[in-house]
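If you want the building blocks of each chain, they are given just below.
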Amino acid sequence: MIETVIKSYDLDRLAVATIASHTALQILRAAKRRGFKTLAVARPSSAWFYKRFQFIDEVWEADFSNFRLVAEKLAENNAVLIPHGSYVEYVGWRQALEAPVPTFGVRRLIEVEADQYKKMDLLRRAGIPIPRSYAPEEVDRPVIVKLFGAKGGRGYFLARNREELVQRLREVKEPYIIQEYVFGVPAYYHFFASPMYVRVELFGMDVRYETNVDGRTFGLVEPTFVVVANLPLVLRESLLPTVQKYGEAFADAVREALGEEMKGPYSLESIIRDDLSIVVFEFSGRIVAGTNVYMGVGSQYSVLYFDEPMDMGERIAHELQLARERGRLEDVVS
Amino acid sequence: MIETVIKSYDLDRLAVATIASHTALQILRAAKRRGFKTLAVARPSSAWFYKRFQFIDEVWEADFSNFRLVAEKLAENNAVLIPHGSYVEYVGWRQALEAPVPTFGVRRLIEVEADQYKKMDLLRRAGIPIPRSYAPEEVDRPVIVKLFGAKGGRGYFLARNREELVQRLREVKEPYIIQEYVFGVPAYYHFFASPMYVRVELFGMDVRYETNVDGRTFGLVEPTFVVVANLPLVLRESLLPTVQKYGEAFADAVREALGEEMKGPYSLESIIRDDLSIVVFEFSGRIVAGTNVYMGVGSQYSVLYFDEPMDMGERIAHELQLARERGRLEDVVS
Amino acid sequence: MIETVIKSYDLDRLAVATIASHTALQILRAAKRRGFKTLAVARPSSAWFYKRFQFIDEVWEADFSNFRLVAEKLAENNAVLIPHGSYVEYVGWRQALEAPVPTFGVRRLIEVEADQYKKMDLLRRAGIPIPRSYAPEEVDRPVIVKLFGAKGGRGYFLARNREELVQRLREVKEPYIIQEYVFGVPAYYHFFASPMYVRVELFGMDVRYETNVDGRTFGLVEPTFVVVANLPLVLRESLLPTVQKYGEAFADAVREALGEEMKGPYSLESIIRDDLSIVVFEFSGRIVAGTNVYMGVGSQYSVLYFDEPMDMGERIAHELQLARERGRLEDVVS
């Protein structure tokens, strides 16, 4: 069905659209530089901000509770929608799955990610080490509890032992997963699966900056894990082959589980232990906000594949350019 | 009076000058690239270091206790002085207010910043959330005490409760302010108010790296807050409209309070709470050292306004170029 | 002897070689861009990864236990070997000292670094402040213990007092050094000593990201110091003259102690105290992994010397280009 929409597009007027939040500035700036028309779909409260930027051709104010209408209008405008975490949050995963607009990447991952157990299953299938999950009564060490509805780290909490866990779970009214709290440092890897180059690129990485766990709290308040910012980092080079292997294994698992090629940006989110093992506790099937650390300046890893530093927005726009030239847009959207 | 000085300038020989510390390398490198003569005014102990760099045309050794003479000589050299924190520290705020040399930005903010209460008042007037201030006897939670004469974080201390506060205040001999210790992560925003483009640009951000509070101290020593370095970061995009709003509100408050347009670089210094609210505990009315994280490589946010990444030194030089071309230098200095 | 090898080289076919780990991607990418043939010598387990990159002309799989054969083959291929920490780790310092291939920089520093006491002596000779060393019975404060065979921070441990020290030393079977645990923040400075420009360049800096000491461990596990990643930072400008002074003093001490000019990349690894003093607890006589934070994008400090941002790999390649042009290759290798 999306293929039909794509076939009706006027490719000379192809537009790149996204929801005005998350990584919209990065995506739209890059799209404009590479010759696409740019559309931002904004909540009324933040439309003023996006209107400040000349690289955004149109800022639409939208009602996200009925996204179908927006999606149809996007399709009328020859738009490819670049999905991101705020999009899924604003419209909900069911609307996102069904929106009648060509969507960059593998749309069906949105459904997998809506369920923490399915999410972990896909990583397990890929052979990627993941943290052990626990039933409450099994807990014999520090654990982290993640509510299914957690957004940007809000709705995560630490329990140092079973007693603390039991006490805190009393307040919880929604589905959750209990995972081993892995000791080590967090690191988040950005990949790009390219149907045009037929390869998985390790394109960058970041650390999240979370309030208040990364603040100076002197043990005076309980840790919380709300992401507010990202910092760039580079990994010890001897760990890169492992990271690349996991990135490719993820793409293979998607092909196997969903029967379709992985494409577009995605992320594996890990803790690195002091034995240098990497435990992946989460993934994102689309562009992550951590890629913003490279906006306009390009990442250290992008130069491994391209002659000049590039950000993920530029990478997406580049893939779209190639797909358009080659008449293969249907291979990069779903 | 400064307008008279400017009118006497030979604009073809316009120079950019600054005090040799803080952000001098960034400022002077950019000025040189954009065609200005460059002057560094150094303390004798560090002049040798600045003489190493070819982009600095002249390094003057100076006596900062009598800055009037230096300022006059700068004016004879057609120089615009770019003020920064070390300048104010070396010459003192009274000399800085009266120096007979055109000074980039709003000079009168130096006086506001010399008094922690006036400083907080300006933020309050802008409608920007600030930490609660306390009289010692009101304190019922962790607080941070800032001595008026604090430099680069030295002279700040944490008191976990009223008892600790009372005890530590016994050693304090100078004016101070007691503020609520806000739990969350620090983030510092760099703005540029442009009379030439008539806009406030969110140009970058950073985190400070403070010894020993950011060190690995395992609770074995008391926290101190001396800034030694800065790291780049990017903010969650959904927070940017709020940051932009506060940046513009600050410029409005300056206009209202001082009766002159905000111009040049400035900074708001904040803690982000885990409810995503932003509390601004400090501002700087001129270039901050955190902008050095983008020296020569440009910031992620600069590309939202300009085609290539730019650092704050380049931004200043660009504004000066435009002001000179348009015969409007008096609009960017004071 | 190395001079004889160099004289036999076909300079039009000069190759840059390194061991496939650590900073190999940075080094080889830059060498390729600047017109050198590129060779990666890989462990069989990671050769596949390096074969992914077009800028590497040849990936050799090698047996590091007999490195002499590899070195001879490198010399037959007109290669200059760029040494780094993983090279020394893989082949051992004795083989590295004797490998019959021109090696960038001062090779004899490898021997100095193999002994923690000789290492500290060289810093002391340079007049650079170092942490106090202790015999176990002298310890009256927190200390850090470093095993001679420590790699990438593994084999370091903290002892908060003499009792803890004595207890932990019982398990230690190899040589070690006990140093004062300096409270403050870590910072690592990258230098480049250039025989071509006859100067020491302060080229960048970084912070290490260590598991689990930089993780969120809430005091629930013992701190460990295994380096897994690096983050970029910029220093307070008023500290730069001191850092530059120490960098130059190190080069002077090498000349004095070894009777040969310092050349190529090196690093001083420090803690900055809250009185702004800098204590250097370690050095590396060659490229450090922290330079990877600038791969392809260039460092903030590189622009102080060159017109465009540059990474350390590019800096090495640039020096090699100049040395080749001027017929002075023997001045940059040993």
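Because the structure is a prediction, the values reported are computed rather than measured. (Residues numbered from 1 in each chain as written. Chains lettered and ligands numbered in written order. Predicted model: local features only at pLDDT ≥ 70, side-chain atom pairs only at ≥ 80, totals over all residues. Heavy atoms only, no water.)

Trainee: Can you help me understand the pairing of strand β8 (residues 185–194) of chain C in this one?
Mentor: Regular strands show a simple pattern: their side chains alternate between the two faces of the sheet. All names here are of chain C. Of all 10 residues in β8, 10 are buried, a share of seventy percent or more. Neither face of β8 is open: one carries V185, A187, Y189, F191 and A193, the other P186, Y188, H190, F192 and S194, and all of them are buried. Here β8 pairs with strand β12 (residues 264–272) via nine bridges, running antiparallel. For V185, the partnering residue across the bridge sits in β12 and is I272. (Buried < 20%, exposed > 50% of the residue type's maximum accessible area, 1.4 Å probe, protein only. Helix = DSSP H or I, 4+ residues; strand = E, 2+ residues; numbered from the N terminus. Pairing = 2+ DSSP bridges.)

Trainee: Whenever I open this one, the interface of chain A and chain B confuses me. Can you help?
Mentor: One widely used convention gives an interface's size as the accessible area the parts lose upon coming together. Counting residues at the interface gives 40 residues for chain A, matched by 45 residues for chain B. For the pairing of chain A and chain B, the buried interface totals around 3,400 Å² over both sides, and the portion due to carbon and sulfur atoms is 62%. Note that E210 of chain B and R216 of chain A form a salt bridge whose closest N and O atoms lie 3.3 Å from each other. At the boundary of chain A and chain B, one finds 18 residue pairs in polar contact (both at pLDDT 80 or more). Secondary-structure elements contributing two or more residues to the side of chain A that touches chain B are α2 (24–33), α3 (47–50), β9 (199–212) and β10 (225–232) of chain A. Per-element tally for the side of chain A that touches chain B: the top contributor is β10 of chain A, with seven residues. Residue classes in the side of chain A that touches chain B are distributed as 20 nonpolar, 13 polar and seven charged. (Contact = heavy atoms within 4.5 Å. Buried area = accessible area lost by both parts, 1.4 Å probe. Salt bridge = Lys/Arg side-chain N within 4 Å of Asp/Glu carboxyl O. Polar contact = N/O pair within 3.5 Å; in protein donor to acceptor, adjacent residues only side chain to side chain. Nonpolar A, V, L, I, M, F, W, Y, C, P; charged D, E, K, R; others polar.)

Trainee: I'm lost on the UniProt feature "domain: ATP-grasp" (unreviewed entry) in chain A in this one. Help?
Mentor: On the UniProt side, "domain: ATP-grasp" (unreviewed entry) is annotated at positions that read residues 107–314 of chain A here. Summarising residues 107–314 of chain A: 22% helix, 34% strand, and an end-to-end C-alpha distance of 20 Å. (UniProt positions renumbered as here; feature names shortened; annotations may be inferred.)

Trainee: Help me out: how do you make sense of the sheet that holds strand β11 (residues 234–235) of chain B in this one?
Mentor: Within a sheet, neighbouring strands are paired by backbone hydrogen bonds and run either parallel or antiparallel to one another. In space, the six strands of this open sheet follow the order β13(A)-β12(A)-β8(A)-β9(A)-β10(A)-β11(B), with antiparallel pairing throughout. Strands at the two margins of the open sheet, each flanked by one partner only, are β13 (278–284) of chain A together with β11 of chain B. Judged from the two bridges that link them, β10 of chain A and β11 of chain B form a sheet pairing that is antiparallel. Counterpart to A229 of chain A in the pairing with β11 of chain B is L235 of chain B.

Trainee: Please clarify how the relation of the copies chain A and chain B should be interpreted in this entry.
Mentor: Both copies of the chain are tied together by a single rotation about an axis and a shift running along it. Of the two same-sequence chains, chain A is brought onto chain B (RMSD 0.0 Å, axial shift 0.0 Å) by a rotation of 120°. One copy is carried onto the other by what is essentially a three-fold rotation axis. In this assembly the copies use different faces: only 12% of the residues contributing to the interface of chain A also contribute to that of chain B. (Least-squares fit on C-alpha atoms with pLDDT ≥ 70 in both.)

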